[in-house]
Amino acid sequence: MKKKNSIKLLKGLLPAVLWVFSFAVFAQPITVSGTVYDTSGGTLVGVTLQVQGTSVGTVTDLDGNFRLTNVNPNASLEISYVGMRTRIVSLNGRTSISITLEEDTEMLEELVVIGYQTIRKADLTGSVSVFNPDEMKNTIVTGTVGDALGTLPGVNVRTSGAPGREGKVEIRGTGTFGNSAPLYVVDGVISGANRDFNFNDIESIQVLKDASAAAIYGSRAGNGVIIITTKQGKEGKMKIDVSSRATLQWLPKYDLTNRNQWIELNDLAFANAGRPAANHFDGNTDWQKEVFKSGIVQDHNIAFSGGNKDSRYFISGNYQHNSGTTIGTQSERFTLRSNTSASRDFGDEVTFRIGENIVLSHFAVDELNTNPIVDVYRMLPTIPVYDPNNTAKGGYGFGDGSRDVTFGTNPFAKEDFEDTKNSNLRIRGNIFTELELLKALKYRFNMGFDFSNDRHTYLRKEGYWTYNQPYDPSSLNKNQAQYQGLVFDNTLEYNKKFGKHDISSVFGLSYQTSTYEQIWGTKNNVLRSGDDYFRNLDAALTNPKTGNYTDLQKLFSVFGRVNYNYDEKYLFSFTVRRDESSKFSPSTRVGYFPSVSGGWRISQEDFFDVSWLNDLKLRANYGILGTSNIGVWDWVSFITVFPQAIFGRSQSLQTGMTQIRLANADLRWEKLTQLNAGFDAVLLNNKLNLSADYFLKETKDVLTPMQILMVTGNNGGNPYVNAATLQNTGVEISATWRDKVGSDFGYSINVNGSYLKNKILELGYGRKEFTQWDTKSIVGKPIGEWYLIKTDGLFRTQEEVVAHTNSEGKVIQPNAKPGDVKYIDYNDDGVITDADRQHCGSTIPKFQLGMNLGFEYKNFDLQFQLGGAFGYKAFNGPRSGFDRFDDNSNYRASYDPWTPDNPNAKDPRPIYADSRNVRGDQDRWLENGNYLKVKQIALGYNLPKSMLGSTFSDIRLYVNAQNLITLTSYTGLDPEFLNGNIWDRSYDGGAYPNPYGVTFGAQISF
């Protein structure tokens, strides 16, 4: 009985035992080999194959073959290759396998916003640069949005390091004498991306550089267009993104003398002037140490987003505080953004959408009332910050006629006795509705709005900050302004494919109106309690003054664009816009701005058979853009009510009116014509992207003030005229290489460069040149080239002085002594005058370089952002200040003065109250402005998914360093300084430098 039961038990277990045995045999590790091909049958080298869920992996060899050992027969392989779609292949016990990878067309399918339309990048016939914040994950922007665009080809960016100061963005050179800032379009609405804009909200930025891309914006697109698309909600459950970062900033410093070094050089300057040494102050002040400080920039952001198929939302809030890197300034910003959209389908052919985008921002800044970058070298190290001898004048130290004389400003006193605060409360955004019919027609109504309230307060307290300063009573100025801008856009889009024919078009009407009103009041003798001054005008007692004005602008536009694509090969686009602006008289206020462009995707042709070239597109376009760089009322003559007279028996006072400013009623649009030709190419299995452009842009009828005689009765400024013609030509090249080495390491390298040549074709009214004190703008040459008196070292002996003669043997500098500067008599008249100035170089960089480097290894990423400018000269204004001895300032610590005991010195002999060696129009302080700067270095780490649990979707930590490395021979604080004057843009007058910075940040997603 037991035997029978045992046999039954064995029979029951036998199938299970055999199944387990067979599974064990089947699951034994196997070796897998094979080959990876592309769709044309060619083998692929360097393809990464990874066993999912393990660290086992390999890459294909030169013949496209691979071999993997110790692989579970039920495993899956992940096959990836740059430019190809990643595939997941299940082995199912196979030991030999052939794999084919398809081309990844996502890059070609990338969408680009070009104004009222979104098209595929592959169909683009204009010149557009795209900035994607994801490509620089840890970009730090503490100023304006434009500050981040300095590595794009053809985009020149100069930033200002001071809190609240806005930089300057210029696209493809200067095409006007007026405002050259580009047009900003945010989510389809004309709007500035100013210092109150939250950079964290940006999804992407497109820069429209040529007439084809920008012509849809007509009269406002002459300086280029920057289109900003902000983040939108995506389908799915609520996502919460939190980011926080803190940046430590500090400024570079001059190499200046200390007290003892300064006294030694100052005494030498007095001795060379035949004067007894000055009676020096007892102070020992390092003004840079006192004035410059470490600043902290805090930036905290939170965003909520989500939605479903029919409705989506995105809400964000941001707080930023910048404590500044010098005394006297700080800024603070709050922003709140909300955008929602909802849609409903009425059958398969009708869809209705509605949405809004609203931004509330408040920006406040404690403005600088002095320039501390200049003050730290104008003040002397012998002068104390506080001086009890000046108690009656406020208690601060400054120059004294009986001791060390300087007219430098004590920045502590200036910032104490003058207090300027500005703030701006702004609400902007848009509301839109869309109706889509038959999946081909789409009507959109968009109302954009921009309301802002500006507040300005200036308090002048009683006190002194410089030598020989006249008394000023206390005063208070209050200024308030309101801006209201509205735009109403109606557009109709038509998109349809007919076999090989693809048409996309847009037609629209736009009406924009804006009103700006300002009112101000000021009074003197402000009441105070102790040291605290009241800040209401009612608390000031004397000399009340008020003022008020209103500006009104209107713009009505009709526009349209048609894009045609035949068989993905032949591309055509035509755009036209008609603008009518109230800034011109009724007879000249209408302007027409057309453009036409074409493209040929030659790589789609049947005859094109180049295996290493994935896509090649040739493109060209020509168009006309416009600008209106004048004020709101510049075509209208001004009348004042100041004249008064007494008439009649009653001798009553009557107010009269007189015209004081003549105006030109024939003002018309500046018109910029631009030709652009280029190509886009994708090579080597989509690893390499190349783009190149040549452009020729010419601006005619440039608006510029024209000086007229006072006897005409004009006393209100020079009237504007259409006079000059400017030309900019250039070449832009961009190359991006993306690749992956093995399964864990990937990298991308973007290098772009641009060449620019600027030329004045005409100044108008017979003028041949325009002269600044240090530059000249001459017809046939670039704007604002350096024209200075050239020097030829120093006179080492008296014999050299006598031997320095003109062609007639006349001694050119008879009063010179050994150790003085030797000037070149350019016009050979025997004397050194302003007529001896000669061409010394350009103020405009000819070449620009931008680089973005990215490396990823497992959960780490390292990014570099570099920028540079080459081919120009910069005038070092601060050095010309502290190398001067005719007026007391601090001196350069490395100053090597000529003396009889040091005849081979590098620098001239210092002479107090004598300008012979320090005239400001010489080339001794003109330096090579070339630089290459590592703008940002960022190291980031993403926590592994296995550590995050179910609460977090991503946690990222990073550190970023800004402006720490600059390769340049320029000896100023920063070669990338901002000077907004187009006539001598490379003159460093003590510009606020870009600070060094280190940022620590975290990004958390729930």
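Residues numbered from 1 in each chain as written. Predicted model: local features only at pLDDT ≥ 70, side-chain atom pairs only at ≥ 80, totals over all residues. Heavy atoms only, no water.

### What to know about the sheet that holds strand β4 (residues 65-71)
An order of β4-β1-β7 is seen for the 3 strands of this open sheet, with the pairing classed as mixed. The open sheet has two edge strands, β4 and β7 (96-101), and neither has a second partner. Averaged over all neighbouring strand pairs, the angle between strand axes comes to 30°, with direction disregarded. Pairing between strand β1 (residues 30-38) and β4: 5 bridges, direction antiparallel. (Pairing = 2+ DSSP bridges. Helix = DSSP H or I, 4+ residues; strand = E, 2+ residues; numbered from the N terminus. Axes fitted to C-alpha atoms, helices over the stretch in contact; angles between N-to-C directions.)

### Observations regarding the packing of aromatic side chains
For any pair of aromatic rings, geometry is given as the distance between the ring centres together with the angle between the planes. Counted under the stated rule, the structure contains 32 aromatic pairs. Ring plane angle 35° and centroid distance 5.2 Å describe the contact between tyrosine 386 and tyrosine 396, whose orientation is recorded as tilted. Of this pair, tyrosine 386 sits in the loop between α6 (372-378) and α7 (411-417) while tyrosine 396 sits in the loop between α6 and α7, and the two are 10 residues apart along the sequence. For tyrosine 386, a relative accessible area of 53% translates into the label exposed. Assessed through its relative accessible area of 9%, tyrosine 396 is described here as buried. Centre to centre, the rings of phenylalanine 407 and tyrosine 467 are 5.3 Å apart; their planes meet at 50°, and the pair counts as tilted. (Phe/Tyr/Trp six-rings, centres within 6.5 Å; stacked < 30°, edge-to-face > 60°. Buried < 20%, exposed > 50% of the residue type's maximum accessible area, 1.4 Å probe, protein only.)

### Some details on the pairing of strand β50 (residues 931-942)
One ladder, built from 10 bridges, connects strand β47 (residues 860-870) with β50; its direction is antiparallel. Within the sheet, the bridge partner assigned to aspartate 861 lies in β50 and is glycine 940. Where β50 meets strand β51 (residues 954-968), 11 bridges bridge the pair, whose relative direction is antiparallel. Note on β51: the bridge partner recorded for leucine 932 is leucine 967.

### Observations regarding a nonpolar patch on the surface
Taken together, the side chains of Phe572, Phe574, Val576, Val596, Tyr622, Leu675, Tyr694, Val731, Ile733, Tyr755 and Phe847 make up a nonpolar region of the molecular surface, amounting to roughly 910 Å² of accessible area. Among the secondary structure elements, those contributing two or more residues to the nonpolar patch are β29 (570-581) and β38 (720-741). By residue number, the principal contributor to the nonpolar patch is β29, which donates 3 residues. Note that phenylalanine 572 resides in strand β29. According to the relative accessible area criterion, phenylalanine 572 is partly exposed, its value standing at 38%. (Patch = residues over 30% accessible without salt bridge, like charges linked within 9 Å, V, L, I, M, F, W, Y side chains within 5 Å. Areas by Shrake-Rupley, 256 points an atom, 1.4 Å probe, with all protein chains shown as cover. Salt bridge = Lys/Arg side-chain N within 4 Å of Asp/Glu carboxyl O.)

### As for the environment of tyrosine 533
For tyrosine 533, the position within the fold is in strand β27 (residues 532-533). If we skip the residues at most four places from it in the chain, tyrosine 533 touches Leu459, Lys461, Glu462, Ser474, Val526, Leu527 and Arg528. There is a polar contact of 3.2 Å between the side chain of tyrosine 533 and the backbone nitrogen of glutamate 462. A polar atom in the side chain of tyrosine 533 sits 2.8 Å from the side chain of arginine 528. (Contact = heavy atoms within 4.5 Å. Polar contact = N/O pair within 3.5 Å; in protein donor to acceptor, adjacent residues only side chain to side chain.)

### Things to note about unusual backbone geometry
Phi at tyrosine 116 takes a positive value of approximately 65°, unusual for a residue other than glycine. One can find tyrosine 116 in the loop between β8 (111-113) and β9 (118-120). Non-glycine residue alanine 913 carries a positive phi angle of around 60°. Tracing the sequence through the fold places alanine 913 in the loop between α9 (877-882) and β49 (926-928). On the basis of relative accessible area, alanine 913 is assigned to the partly exposed category, the value being 45%.

### Considering the confidence of the model for the protein
Atom-level detail of predicted coordinates should not be read off regions where pLDDT is low. Confidence in the prediction of the protein, expressed as mean pLDDT, is 89, and 95% of residues score 70 or more. Considering only residues more than four positions removed or in separate chains, one finds that residues 1-26, a stretch of pLDDT under 50, has 3 contacts. (pLDDT = per-residue confidence, 0-100.)

### Re empty space enclosed by the protein
Considering all chains together, one arrives at 12 cavities of 30 Å³ or more under this definition. Roughly 490 Å³ of internal volume is contained in the largest cavity. Empty space within the second largest cavity amounts to approximately 300 Å³. Forming the boundary of the second largest cavity are 22 residues, of which Asn156, Glu170, Pro845, Gln848 and Arg985 lie nearest the centre. (1 Å grid on protein atoms, 1.4 Å probe; cavity = no way out; pocket = protein on both sides within 12 Å on 5 of 7 lines; lining within 4 Å. Points joined across faces, edges and corners; volume = space filled by probe spheres on them.)

### Thoughts on the sheet that holds strand β16 (residues 225-230)
Adjacent strands of a sheet pair through backbone hydrogen bonds, lying either parallel or antiparallel. Pairing is mixed across the open sheet formed by 5 strands, whose spatial order is β10-β15-β16-β13-β14. In this open sheet, the two strands that pair with only one neighbour each are β10 (128-131) and β14 (189-190). Direction of pairing for strand β13 (residues 183-186) relative to β16: parallel, over a ladder of 4 bridges. Pairing of leucine 183 across the sheet is with valine 225, part of β16.

### Digging into the nonpolar core
One recurring pattern in soluble globular proteins is that nonpolar side chains are buried together. Core analysis: the largest hydrophobic core is formed by 37 residues, its most contacted members being Tyr254, Trp287, Val291, Ile373 and Phe412. For this core, the secondary-structure elements that each account for two or more residues are α4 (259-272), α5 (287-291), α6 and α7. For this core, the leading source of residues is α4, giving 5 residues. In terms of nonpolar packing, the next biggest core, distinct from the first, is built from 22 residues, Leu183, Val185, Ile227 and Leu672 among them. (Core = buried A, V, L, I, M, F, W, Y, C linked by side-chain atoms within 4.5 Å.)

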